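What follows is each chain in one-letter form.
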Amino acid sequence: MKTTLAQVRSHPRSVQLLMANQFTINLGFYMLMPYLAQHLAGNLGLAAWTVGLILGVRNFSQQGMFLFGGTLADRFGFKPLIIAGLMLRIVGFAVLGLVDSLPALLAASAATGLAGALFNPAVRAYLAQDSGERRVEAFALFNVFYQAGILLGPLVGLALTGVSFRLTCLVAAGVFAVLAAVQLRALPARTAPRDSDRSVASVLSQWRTVVTNRPFLLFSVAMIGSYALSFQVYLALPLEVRRVAGDGQVNTIGVALLFAASGLSTIWWQTRLTAWCKRRLGAGRSLVAGLAALGAAFLPPLAAAAVPVPAGGPARWALAVVPPLISALLLALGTMLAYPFEMDTIVALAEDRYVATHYGLYNTICGIGITLGNLLTGAALDASRAAGAPALPWAILAAVGGACALAVLGLHRTGRLAPAARAAARPATA
């Protein structure tokens, strides 16, 4: 941990602030969002479809607006979009705790999603620009702060929600208010290299540059499956713990262990693993290894599905918890291997032009992958269990990881992930 903190201090002040920014964003977000559905259904008595609608609006407004957020960041600077996103989330979180009408809840949910679409591409583009040649290391550290916020947020939220959900919302809004004030005062203004023309025609030209960047689009499509797989720590793995353990204390402890193991392993190993990968593997092979690990993460529950579920006792508890726990650790390993190089590859493929817009479109594409992946995984889990074939979804998920690894390996071997190599390979023109 001392080494990690020393690495953080060695980066420019702006990069340090962005890391603290992301930790605080995740702290505030995850102290509230895991308990929102319970509040809507329990405290407000809303129907399940209404709860799904409110949560879906938040996800759609964030994933669907990433491209616009990235476009605005490239045109008007990173800091204004970061501050605007933080301010919008203050309003959204406060309203979620103070209102009970459906229109107001939908508006607040949309605001919280739009806030993420505004500051996420801007933060990543800013970090990439200010970290310079140390981009990979900076994104590794960024992931440590990111995971630390995810780990701590639900614990703080649990304590606050025990008093009242309104208190949780107001404290979360207060966290974002303090963060916005600090960023407004201390974060230096940064702008991306851009054309002086800010007309609609120029925006369309900016989008055209991004959507015609074929290597970037191929890489984005190849990485879709990785997001669907990594998200299964929130969906398929907890459902597997519940399937074997049933409702009760073992289920609660098992699911908590999944999240704790994932977050703590990242905090402890991310920077050391990234440094090793830079020395031994390089970007392309690290990405492939990460995707292969994501696919391998579903082999333990695949093997466990072939074992008859014991009637009870320690054997049943072990079968319920150990395979999903190993899966969560492998998912964390895959993300640690891939994430810093993934973020760096996007900058390289953008060739330092419209980086925030590239991040925005990339987030939208991968967000679609998460949504489709969750729908298809949920349907596959239900159908396979009804058919008496519980191993099938895990085999499919493992195959998706293998397919993603092969796709990125193909891009790496053909030089599509290295813009400099592609440029050198082009024939000279008079």
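Calculation criteria
Residues numbered from 1 in each chain as written. Predicted model: local features only at pLDDT ≥ 70, side-chain atom pairs only at ≥ 80, totals over all residues. Heavy atoms only, no water. Helix = DSSP H or I, 4+ residues; strand = E, 2+ residues; numbered from the N terminus. Rg over C-alpha atoms; globule rule 2.2 N^0.38 Å. Contact = heavy atoms within 4.5 Å. Areas by Shrake-Rupley, 256 points an atom, 1.4 Å probe, with all protein chains shown as cover. Buried < 20%, exposed > 50% of the residue type's maximum accessible area, 1.4 Å probe, protein only. Core = buried A, V, L, I, M, F, W, Y, C linked by side-chain atoms within 4.5 Å. pLDDT = per-residue confidence, 0-100. 1 Å grid on protein atoms, 1.4 Å probe; cavity = no way out; pocket = protein on both sides within 12 Å on 5 of 7 lines; lining within 4 Å. Points joined across faces, edges and corners; volume = space filled by probe spheres on them. Salt bridge = Lys/Arg side-chain N within 4 Å of Asp/Glu carboxyl O. Phe/Tyr/Trp six-rings, centres within 6.5 Å; stacked < 30°, edge-to-face > 60°. Lys NZ or Arg CZ within 6 Å of the ring centre and 35° of its normal. Expected span 1.5 Å × (residues − 1). Bend = angle between axes of the 7 residues up to and from the residue. Axes fitted to C-alpha atoms, helices over the stretch in contact; angles between N-to-C directions. Parallel < 35°, antiparallel > 145°, perpendicular 65-115°, else oblique. Left-handed = near helix turned anticlockwise from the far one by under 90°. Nonpolar A, V, L, I, M, F, W, Y, C, P; charged D, E, K, R; others polar.

### Let's talk about the overall build of the chain
Scanning the chain from N- to C-terminus turns up 19 helices and zero strands. In terms of overall dimensions, the chain is globule-like: its C-alpha atoms have a radius of gyration of 22 Å, near the 22 Å expected for 430 residues. Projected onto its principal axes, the C-alpha positions of the chain cover 75 × 50 × 45 Å. Pairs at least 24 residues apart make up 85% of the contacts formed inside the chain by residues separated by at least 6 positions. With an accessible surface of roughly 18,400 Å², the chain has 69% of that area assigned to carbon and sulfur atoms.

### What to know about the side chain of Gln63
Here Gln63 shows up in helix H4 (residues 48-63). Given the relative accessible area of 17%, Gln63 is considered buried. The contact partners of Gln63, leaving out residues within four places of it in the chain, are Asn363, Thr364 and Gly367.

### A closer look at the nonpolar core
With 110 residues, the main nonpolar core has Ile82, Phe93, Phe219, Tyr359 and Tyr362 as its most contacted residues. Per-element accounting of this core gives the leading share, 13 residues, to helix H16 (residues 313-350). Apart from the residues lying within four places of it in its own chain, the contact partners of Phe93 are Gly28, Phe29, Leu32, Met33, Thr112, Cys169, Ala172, Ala173 and Phe176. If you look at the next biggest cluster of nonpolar residues, it comprises five residues, including Val244, Ala304, Leu319 and Ala320.

### Considering the confidence of the model for the chain
Considering every residue of the chain, the mean pLDDT works out to 87; 94% of them sit at 70 or more. Looking at the elements of the chain, mean pLDDT is at its lowest for helix H19 (residues 419-425), recorded as 50, and at its highest for helix H14 (residues 282-296), recorded as 95.

### Topic: the environment of Val322
Assignment of secondary structure puts Val322 in helix H16. Overall, Val322 belongs to the partly exposed group, its relative accessible area being 42%. Each C-alpha atom of the pair Val322 and Gly56 lies 32 Å from the other, and the pair is 266 residues apart in sequence.

### Let's talk about unusual backbone geometry
Positive phi is not limited to glycine here, since Tyr354 has a value of about 55°. Assignment of secondary structure puts Tyr354 in the loop between H16 and helix H17 (355-386). Residue classification places Tyr354 among the buried positions, given a relative accessible area of 3%.

### Description of the layout of surface pockets
Here the second largest pocket defines a volume of roughly 230 Å³. Lining the second largest pocket are 15 residues, with Ala228, Gly373, Leu376, Thr377 and Val400 positioned closest to its centre. Of all the elements in the fold, those that place two or more residues in the lining of the second largest pocket are helix H11 (214-230), H17 and helix H18 (392-413). The biggest single contributor to the lining of the second largest pocket is H17, with six residues.

### Some remarks on the environment of Arg413
Within the element layout of this structure, Arg413 appears in helix H18. Distance from Arg413 to Val210, taken between C-alpha atoms, is 23 Å for residues 203 residues apart in sequence.

### As for the pattern of salt bridges
Tallying each qualifying case throughout the model produces three salt bridges. The partner of Arg134 in a salt bridge is Glu137, with the nearest N and O atoms 2.4 Å apart. Relative accessible area serves as the criterion here: at 30%, Arg134 is assigned to the partly exposed category. Notably, a salt bridge pairs Glu240 with Arg243, separated by 2.9 Å at the nearest N-O pair. With Glu240 and Arg243 both in helix H12 (residues 236-245) and three residues apart, the pair spans about one turn of that helix.

### Some thoughts on the packing of aromatic side chains
With the rule as written, the count across this model stands at 15 aromatic pairs. Note on Phe29 and Tyr30: the rings are 5.1 Å apart at their centroids and 75° apart in plane angle, and the pair reads as edge-to-face. In terms of burial, Phe29 and Tyr30 fall into one category: buried. Between the aromatic rings of Phe78 and Tyr126, the centroid separation amounts to 5.8 Å while the plane-to-plane angle is 35°, which identifies the pairing as tilted. Here the residue Phe78 occupies a position in helix H6 (residues 78-98), and Tyr126 occupies one in helix H7 (residues 102-131), the gap between them amounting to 48 residues. Both residues of the pair, Phe78 and Tyr126, count as buried. Feature note: the residues Phe139, Phe142, Tyr146, Tyr339 and Tyr359 constitute an aromatic cluster, connected by ring pairs. In this arrangement the basic side chain of Arg272 is found over the ring face of Trp268, its NZ or CZ atom lying 4.7 Å from the centre. Here Arg272 stacks its cationic end above the ring of Trp269, 4.9 Å away from the centre of that ring.

### Observations regarding H11
With 17 residues, H11 ought to run about 24 Å at 1.5 Å a step, and its terminal C-alpha atoms sit 25 Å apart, in line with that. Of all bends in H11, the biggest is about 30°, found at Met223. Along H11, the residues classified as buried are Pro215, Phe216, Phe219, Ser220, Ala222, Met223, Gly225, Ser226, Tyr227, Ala228 and Leu229.

### What to know about helix H13 (residues 249-280)
Here H13 is 32 residues long and its end C-alpha atoms lie 43 Å apart, about the 46 Å a rise of 1.5 Å per residue gives. Largest kink in H13: about 50°, centred on Trp269. Where H13 ends, the next residue or the one after it, Gly282, has phi of about 85°, a positive value.

### So, the packing of H4 against H7
Following both chains from N to C, one finds H4 and H7 inclined at 25°, their axes separated by 6 Å at the closest point. One way to sum up the angle between H4 and H7 is to call them roughly parallel. Helix-helix and strand crossings are classified by hand; for H4 and H7 the assignment is right-handed. On H7, the residues touching Thr50, Leu53, Ile54, Val57, Arg58, Ser61 and Gln62 of H4 are Leu102, Leu105, Leu106, Ser109, Ala110, Thr112, Gly113, Leu114, Gly116, Ala117 and Asn120. When the residues that make up the contact of H4 with H7 are grouped by side-chain class, the tally is nine nonpolar, eight polar and one charged.

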